[in-house]
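Coordinate analysis (summary)
Take a look at the letters that make up each chain.
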Number of protein chains: 2
Amino acid sequence: MRLFHVDIKRFEVEGLATLKDISEELGLSVATVSRALNDFPEVNPKTKRRVAETAERLGYRPNRIAQRLVTGRSGMVGMIVKIRADMSADQTFFEVLTGMTAALASRDADLVLAVDQGDDPVAPYRRMMERNILDGFILNAPVPQDPRVAFLQEQGIPFVMHGRSADAVGYPFYDIDNRAVSSDAVELLLALGHRRIALMNGEARFAYASARRAGFEAAMAEEGGKVPEAFVADIAPNESAAYALALRWLSGRAGPRPTAIVCASTVLAAGVFAAARDVGLHVPGDLSVVAHDDALPQTRAINFAPTLTVTRAPLRDACAPLAHALIDHIDGTPSEVLQTRVRAEMIVRESTGPAPEGESDPWP
Amino acid sequence: MRLFHVDIKRFEVEGLATLKDISEELGLSVATVSRALNDFPEVNPKTKRRVAETAERLGYRPNRIAQRLVTGRSGMVGMIVKIRADMSADQTFFEVLTGMTAALASRDADLVLAVDQGDDPVAPYRRMMERNILDGFILNAPVPQDPRVAFLQEQGIPFVMHGRSADAVGYPFYDIDNRAVSSDAVELLLALGHRRIALMNGEARFAYASARRAGFEAAMAEEGGKVPEAFVADIAPNESAAYALALRWLSGRAGPRPTAIVCASTVLAAGVFAAARDVGLHVPGDLSVVAHDDALPQTRAINFAPTLTVTRAPLRDACAPLAHALIDHIDGTPSEVLQTRVRAEMIVRESTGPAPEGESDPWP
DNA sequence: AGAGAAATTCAAAACGTTTTAAATTTCTTG
DNA sequence: CAAGAAATTTAAAACGTTTTGAATTTCTCT
């Protein structure tokens, strides 16, 4: 690529002042102007005021590129968005996007998005890194042994993860206790007398799904129960997949009917509700349903009839902590103090009730 | 914001070579290494080869920040995405995104996205411009007297527009002939004997909707027809709005029933189909339907039953021309030669047929 | 061998900013 | 007033790359 300098200059913003302009007008050095604007303590307050006023008047704006060249920092952090073949993205996409944009803005940082449709999870990071413009990355949807982690750590690129790829990791993250998401739900249902509890989990490839399955199975094992394989399922995150599976479970075709189902999301719960209705089961009289709720506008648990009992962890609550963690990490804070674990809140609503009479037999 | 240099350096990529490393190893000047890598004609081919091989071996990658500082170019172009209050975006979003990303990559450029939920259309551009990192912008969904255009032109920032805000504009664009979208549909329907043709248009605030209304009304006027106001409607781009309006039209509550409807999108056509079915009308026997088709995967005209007659202009076809126009414009090509107008293709399928017997009376 | 032309490479400046360490100025004290 | 300390400002180098115009090298011809 042949780069030109002469013609391009006409596209530069007219009237933009540099430190040099300010220094000439005030009879100060460029270094002093820079130190004044950056609030260095040894600069006289009066000098600081004069510099600030002149900068304002001349419309000075720092050249971020020049800053980046010297400091290695641009104030821009990246996020890669995975696009599916059908041109959709995870439904949480915009929620995260807007929350993260706002949170980063409070730290004078900008979010830079890029999309990816490829098969190599690392390639888009490599590509964005090549520009050498970004300060760091925000990662989400971790898988066990996430190759992105290895790559970014090897390259020494700061990043934070929404979720985590393992229990103990060497990077900053914000994660809910996914074991507790399942075990809390199981404990509530056990307390209500349920013994045949099924898990409708998220996609197996994600780390959160592994943790939830582990938490579910551990809680069931505490009660002395071993759940049949058919009733612990990892499925695609859509209502129709949930509907089909729930139909099989509730029709008795897969074995004894569960009296309760723990769902990975409110979307799956909607499918379960529809299946229960279609086989003539009443929620919660015949079947109790608990779901995990990311508190997305489109899938509100309170919009369900009956209202949905949930483990609730608003996705949006992750944005500010993640943004701050990333900026702090870029500033030099060690990873260990930037790892946030939160427990989802159990909110009992109408979709859970006592196990039906005569339906307290455990899984065989 | 206080910027630091010392501690941050530990995040720099290990082992990255600079031009200086190459020049030292080969005993050449930094200038020659640069000129060799940038294929300057006066550099000896043998020298070029030696430089290229050494760069490859040392893992040299250009520091884009340094290039940007000298040339004013970063190879990154921006696009602002409007997010609605319900956390959704235009359904064309991902289609444009992926197409544009690929097209820009072929020009060694990257797309940088930012989201906006505010009320001021100009503010996000101002904010992104403040970083002084982007080479230009891609704009879409123009409105008449688009304030973004005025702002970016005043600031001398290169941009291209998908669509245009007026008939004659001073910036590069890629646009379909929206007048012809309507008039082509009307002409087809007139040729089939239809006289009572209604227009279900897009949102009035967009420039394309104005053009389509004008084209529709002009084509109907050619036939000596004046369409009643009630049958030329600007509506929200969703199926339920279309369904409700079509019900009113087809029930006869708004006046004589139209024998044909021209829809702004396939989404609206789906609403019209549903309404026709619900009032017992047959498509195309009782009602012909033509829609504009952006050829999005989710809203395929061939997925309709009966298959849909459309004016077709795949949204994706805009991506490469827009990407190239922007890079060329940044390179100095004048706007006038970067303005592309395309005519949508008329594809006649099953949803259009002759006007029903005894239904050839024009609008009153 | 010398002169002139052509080919090739180089030194230096530029881009705008930050920061180290030195220089300069101001203040305090005897 | 002079000396010393503290406060403030500055010169210079750095960041990595590009490009102008000059310098150097190579080639050709007499």
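**Quick notes on the sheet that holds strand β10 (residues 309-312) of chain A**
Residues and elements named next belong to chain A. With mixed pairing, the six strands of this open sheet are ordered in space as β7-β6-β8-β9-β10-β12. Bordering the open sheet on either side are β7 (232-234) and β12 (345-347), each of which pairs with just one other strand. For this sheet the average axis-to-axis angle between neighbouring strands, irrespective of direction, equals 15°. Both strand β8 (residues 260-263) and strand β9 (residues 288-293) contribute to a ladder of four bridges, which runs parallel. Note that in β9 the partner of V262 across the bridge is V290. Strands β6 (197-201), β8, β9, β10 and β12 of the sheet are contacted by helix α8 (residues 178-191), whose axis makes an angle of about 160° with β9. Sheet contacts for helix α11 (residues 266-278): β6, β8 and β9; angle to β9, the most-contacted strand, approximately 160°.

**Thoughts on the side chain of D184(B)**
All names here are of chain B. Inspection of the secondary structure puts D184 in helix α8 (residues 178-191). Within the local environment of D184, its side chain forms a polar contact with the side chain of R343, the two groups lying 2.7 Å apart. Those residues in contact with D184 that sit more than four places away from it in its chain are R343, A344 and M346.

**As for the environment of G75(B)**
Relative to the elements of secondary structure, G75(B) occurs in the loop between α4 (64-71) and β1 (76-82). Residue class for G75(B) comes out buried when judged on its relative accessible area of 8%. The sequence separation of G75(B) and N201(B) amounts to 126 residues, and the corresponding C-alpha distance is 38 Å. Apart from residues no more than four positions distant in its own chain, G75(B) is found in contact with R131(A), D108(B), A109(B), D110(B) and D135(B).

**Remarks on the packing of helix α1 (residues 19-26) of chain B against helix α3 (residues 45-58) of chain B**
All names here are of chain B. One way to put it is that α1 packs onto α3 with a least axis distance of 10 Å and a crossing angle of 120°. One element, α1, and the other, α3, form an angle in the oblique class. In the crossing of α1 with α3, the sense of the turn from one axis to the other is right-handed. Here D21, I22, E25 and L26 of α1 come into contact with α3, specifically with R50, V51, T54, A55, R57 and L58. A per-class count over the contact of α1 with α3 returns five nonpolar, one polar and four charged.

**Let's talk about the domain arrangement of chain A**
Residues and elements named next belong to chain A. We note that the domain assignment places domain 1 (7-62), domain 2 (76-175 + 316-343) and domain 3 (178-314) within chain A. Taken together, the 15 residues of domain 2 in the interface contact 15 residues of domain 3. Taking both sides of the interface into account, the surface hidden between domain 2 and domain 3 amounts to around 1100 Å²; carbon and sulfur atoms contribute 50%. At the boundary of domain 2 with domain 3, the tally comes to two salt bridges.

**Concerning the environment of A105(B)**
Structurally, A105(B) is set in helix α5 (residues 93-105). Spatially, the C-alpha atoms of A105(B) and A323(B) are 9.2 Å apart, while their sequence positions differ by 218 residues.

**Side note on the sheet that holds strand β12 (residues 345-347) of chain B**
Residue and element names in this part refer to chain B. If you trace the six strands from one edge of the open sheet to the other, you get β7-β6-β8-β9-β10-β12, paired in mixed fashion. In this open sheet, the two edge strands, each paired with only one partner strand, are β7 (232-234) and β12. The average angle at which neighbouring strand axes cross in this sheet is 15°, direction not considered. The sheet contact formed by strand β6 (residues 197-201) and β7 spans three bridges and is parallel. If you follow N201 over to β7, its bridge partner there is D234. Against the sheet, helix α10 (residues 239-251) touches β6, β7 and β8 (260-263), its axis set at about 160° to β6. The strands that helix α11 (residues 266-278) touches are β6, β8 and β9 (288-293); relative to β9, the one it contacts most, it runs at about 160°.

**Overview of a nonpolar patch on the surface**
A cluster of nonpolar side chains, namely L69(A), V70(A), L69(B) and V70(B), defines an oily patch on the protein surface of about 320 Å² accessible area. Put simply, the parts of the chain that give the nonpolar patch at least two residues each are α4 (64-71) of chain A together with α4 of chain B. By secondary structure assignment, the location of L69(A) is in helix α4.

**Thoughts on the packing of helix α2 (residues 30-37) of chain A against helix α3 (residues 45-58) of chain A**
Residues and elements named next belong to chain A. The geometry of α2 relative to α3 is characterised by a closest axis approach of 9 Å and an angle of 90° between their N-to-C directions. Taken together, α2 and α3 sit at an angle that is classed as roughly perpendicular. Contacts between α2 and α3 involve T32, V33, A36 and L37 from the former and T47, K48, V51, A52 and A55 from the latter. Of the residues belonging to the contact of α2 with α3, the class tally is six nonpolar, two polar and one charged.

**Let's talk about the nonpolar core**
In terms of nonpolar packing, the biggest core is built from 59 residues, with F93(A), M100(A), L104(A), I138(A), M100(B), L104(B) and I138(B) touching the most fellow members. Only β1 (76-82), α5 (93-105), β2 (110-116) and α12 (319-330) of chain A together with β1, α5, β2 (110-116) and α12 (319-330) of chain B provide two or more residues apiece to this core. Once residues lying within four places of it in the same chain are set aside, the contact partners of I138(B) are V77(B), G78(B), M79(B), M100(B), L104(B), L111(B), V160(B) and L326(B).

**Structural notes on the packing of aromatic side chains**
Taken as a whole and assessed by the stated rule, the structure comprises twelve aromatic pairs over all chains. When the centroid spacing of 5.0 Å and the interplanar angle of 70° are considered together, the rings of Y125(A) and F137(A) count as edge-to-face. Taken together, the residues span a long stretch of sequence, with Y125(A) in helix α6 (residues 123-130) and F137(A) in strand β3 (residues 136-139) at a distance of twelve residues. In this pair, the class of Y125(A) matches that of F137(A), namely buried. Aromatic side chains F206(B) and Y208(B) sit 6.1 Å apart centroid to centroid with 15° between the ring planes, which places their arrangement in the stacked category. Assessed through its relative accessible area of 13%, F206(B) is described here as buried. The class of Y208(B) is partly exposed, set by a relative accessible area of 30%. Each member of the aromatic cluster is reached from another via a ring pair, and the members are F231(A), W249(A) and W363(A).

Cut-off values and rules
- Residues numbered from 1 in each chain as written.
- Chains lettered and ligands numbered in written order.
- Predicted model: local features only at pLDDT ≥ 70, side-chain atom pairs only at ≥ 80, totals over all residues.
- Heavy atoms only, no water.
- Pairing = 2+ DSSP bridges.
- Helix = DSSP H or I, 4+ residues; strand = E, 2+ residues; numbered from the N terminus.
- Axes fitted to C-alpha atoms, helices over the stretch in contact; angles between N-to-C directions.
- Contact = heavy atoms within 4.5 Å.
- Polar contact = N/O pair within 3.5 Å; in protein donor to acceptor, adjacent residues only side chain to side chain.
- Buried < 20%, exposed > 50% of the residue type's maximum accessible area, 1.4 Å probe, protein only.
- Parallel < 35°, antiparallel > 145°, perpendicular 65-115°, else oblique.
- Left-handed = near helix turned anticlockwise from the far one by under 90°.
- Nonpolar A, V, L, I, M, F, W, Y, C, P; charged D, E, K, R; others polar.
- Domains from an automatic or database assignment.
- Buried area = accessible area lost by both parts, 1.4 Å probe.
- Salt bridge = Lys/Arg side-chain N within 4 Å of Asp/Glu carboxyl O.
- Patch = residues over 30% accessible without salt bridge, like charges linked within 9 Å, V, L, I, M, F, W, Y side chains within 5 Å.
- Areas by Shrake-Rupley, 256 points an atom, 1.4 Å probe, with all protein chains shown as cover.
- Core = buried A, V, L, I, M, F, W, Y, C linked by side-chain atoms within 4.5 Å.
- Phe/Tyr/Trp six-rings, centres within 6.5 Å; stacked < 30°, edge-to-face > 60°.

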